[in-house]
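# Topology and contacts: notes
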Amino acid sequence: MSKQLEELRAESADLRNKLSTSTVASLSDLDSRLKQTDSRIGKLENESRIAQQIVRDYSDSVCLIYAVLGFKDKKSGTQLKFAGIDANGHPVAD
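Treat the numbers as computed from the prediction; the structure is a model and nothing was measured.

Conventions we followed
Along each chain, residues carry numbers from 1 onward, in the same order as the chain's sequence is written. Totals for whole chains, interfaces and linings use every residue, but because this is a predicted model, local features are given only for residues with pLDDT of at least 70 and side-chain atom pairs only at 80 or more, for both listing and counting. Hydrogen atoms and water are omitted, and side-chain values are computed over all heavy atoms in the structure. The secondary structure listing takes helices from DSSP runs of H or I that are at least 4 residues long and strands from runs of E that are at least 2 residues long, numbered from the N terminus. As a reference, a globule follows 2.2 Å times the number of residues to the power 0.38, and the radius of gyration itself is taken over C-alpha atoms. Throughout this description, buried means an accessible area under 20% of the type-specific maximum (1.4 Å probe, protein chains only), exposed means over 50%, and partly exposed covers the range between. Here, two residues are considered to be in contact whenever any of their heavy atoms come within 4.5 Å of each other. Salt bridges are defined as contacts in which a side-chain nitrogen from Lys or Arg sits within 4 Å of a carboxyl oxygen from Asp or Glu. By definition, no residue in a patch forms a salt bridge, and every one has over 30% relative accessible area; like charges are joined within 9 Å, nonpolar side chains (Val, Leu, Ile, Met, Phe, Trp, Tyr) within 5 Å. Only the protein chains shown count as cover for residues, and all accessible areas are computed by the Shrake-Rupley method using a 1.4 Å probe.

A few words on the overall build of the protein chain. Broken down by element type, the protein chain carries 2 helices and 4 strands. Going from the N terminus to the C terminus, the protein chain shows its helices and strands as α-α-β-β-β-β. A compact globule built from 94 residues would reach a C-alpha radius of gyration of about 12 Å, whereas the protein chain, at 30 Å, exceeds it by more than 25%. Once the C-alpha set of the protein chain is aligned to its principal axes, its extents read approximately 90 × 30 × 25 Å.

Quick look at the environment of Ser-12 now. Among the structural elements, Ser-12 can be located in helix α1 (residues 2-21). You can call Ser-12 buried: its relative accessible area is 5%. Sequence-wise, Ser-12 and Leu-80 are 68 residues apart; in three dimensions their C-alpha atoms are separated by 61 Å. When neighbours within four sequence positions are excluded, Ser-12 is seen to be in contact with Leu-34, Thr-37, Asp-38 and Ile-41.

Time to look at the pattern of salt bridges. Proximity of charged atoms lets side chains of opposite charge pair with each other. According to the stated counting rule, one finds 4 salt bridges in the structure shown. When the shortest N-O distance is used, the salt bridge between Lys-18 and Asp-14 registers 3.4 Å. Note that Lys-18 and Asp-14 are positioned in helix α1 at a spacing of 4 residues, about one turn of the helix. Looking at Lys-18, the relative accessible area reads 37%, which means it is partly exposed. Residue classification places Asp-14 among the partly exposed residues on the basis of a relative accessible area of 35%. Across the pair Lys-35 and Asp-31 runs a salt bridge whose closest N-O atoms are separated by 3.3 Å. Note that Lys-35 and Asp-31 are positioned in helix α2 (residues 24-58) at a spacing of 4 residues, about one turn of the helix.

The grouping of Ile-50, Ile-54 and Tyr-58 at the surface amounts to a nonpolar patch, some 310 Å² of accessible area in total. In this fold, Tyr-58 is placed in helix α2.

Following this line, the structure appears as C-alpha cells:
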C-alpha cells in the first residue's frame, strides 16, 4: 500500500506542476485528473488508518488458533495414520 501511496503522491505532484505551466485548454483535464488522484490518495490513507486501528484494537485478542497434530509410534517412530473408529471405539489403522 505504501508503494501505491508513493506513486500517487508523485503523480499528484507532477499534475500540480503541469497545472502551473499548462495552457487554458488543458487545465480542465489536468484539474480533473488531479482531483481523482487526490481522492485515491485519501482513500488509501483512510484504509491504512482503519487497518492500523483494527490491529491496535484487537491485537490482544485471539481470533483463530490453527493446530496440526501428528502422532508417532513410540517404538518405531513412524507416523500413525487412522482411517476411523471401529465398532468398539478403537482407531482403524490405515
